[in-house]
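Overview (structure and organization)
Residues per chain, in single letters:
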Amino acid sequence: MKVSFYVLTENKAQDFLGFICQLTQTALNKSNQSLLILAEDETLIGELDKALWAQDDTSFIPHQRLLDSNTEGADMDVANTDINNQLLAPVLLASYMPTDFKGIVLNTTIRPVNDFINATSNTLPTRILELIKPDTVSTEAGRAKYKHYQQLGYELTHFKV
């Protein structure tokens, strides 16, 4: 599996949502696979939901929120989803890996994607995109994830953006 690390500069980190939208659009343009934006923070998922609808003045990125069935009081698009049984947008927003997911994962969490894969059945991403902000927590987590993926024999690349 190929894992790409995007090490963000201060400017890119300040426009974190904008960078995610830009990277999402690039990934969609280069692939016909679904893209899952993985985020453990429901606030970030809500902000991404709004940002993807307003990517620029003339377009939006079609997406759908997948909320865990344990989430209370949220406006759910799909709860605890098996993606084979749902009509889904090309971009998914979730705090978990949906069953049978086989696309690209854009990981905004401090945990490696394998932590999420191990909790889900029949899931095998084709590619992982890791975002590393220029702060101590994100940098340390990025180093740990890099070592983790390296031990698994994944093909690793990194970009300073």
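Look up a bit, the structure's there.
The text that follows walks through the structure, step by step, so that each part is easy to find. Within every chain, residues take consecutive numbers counted from 1 along the sequence as written. Totals for whole chains, interfaces and linings use all residues, but because this is a predicted model, local features are given only for residues with pLDDT of at least 70 and pairs of side-chain atoms are given and counted only at 80 or more. Excluding hydrogens and water, the side-chain figures rest on all heavy atoms present in the structure.

**Notes on the side chain of K145**
What counts is decided by this rule: Numbering of helices and strands runs from the N terminus, with a helix taken as a DSSP run of H or I at least four residues long and a strand as a DSSP run of E at least two residues long. Each residue's exposure class comes from its accessible area (1.4 Å probe, protein chains only) as a fraction of the maximum for that residue type: buried when under 20%, exposed when over 50%, partly exposed otherwise. Contacts were defined at the residue level, with two residues in contact if any of their heavy atoms lie within 4.5 Å.
Turning to its location among the elements, K145 is positioned in helix α5 (residues 136-151). K145 sits in the buried class, given a relative accessible area of 2%. With residues up to four places along the chain from it excluded, the contact list for K145 reads F5, N107, T109, I110, R111, P112 and E130.

**Brief notes about the packing of aromatic side chains**
Worth spelling out the cut-off: Within 6.5 Å between ring centres, the rings of Phe, Tyr and Trp (the latter by its six-membered ring) count as paired, and their orientation is classed by plane angle as stacked under 30 degrees, edge-to-face over 60, tilted in between. Criterion for a charge above a ring: Arg CZ or Lys NZ at most 6 Å from the ring centre, at most 35 degrees from the ring normal.
Taken as a whole and judged by the stated rule, the model has 6 aromatic pairs. Measuring from ring centre to ring centre gives 5.7 Å for Y149 and Y154, while their planes differ by 25°; the resulting arrangement is stacked. Neither Y149 nor Y154 differs from the other in exposure class; each is buried. Taken together through their ring pairs, the aromatic side chains of F5, Y146, Y149 and Y154 make up a single cluster. When the ring centre of F116 is taken as origin, the NZ or CZ atom of R111, which lies over that ring, is 4.2 Å away. We note K133 situated over the ring of F16; from NZ or CZ to the ring centre the distance is 4.1 Å.

**So, unusual backbone geometry**
Positive phi, normally seen in glycine, also occurs at D100, with a value near 70°. Residue placement: D100 occurs in the loop between β5 (91-94) and β6 (104-107). The exposure class assigned to D100 is buried, which follows from its relative accessible area of 12%.

All quantities given are derived from atomic positions and should not be read as evidence of function.
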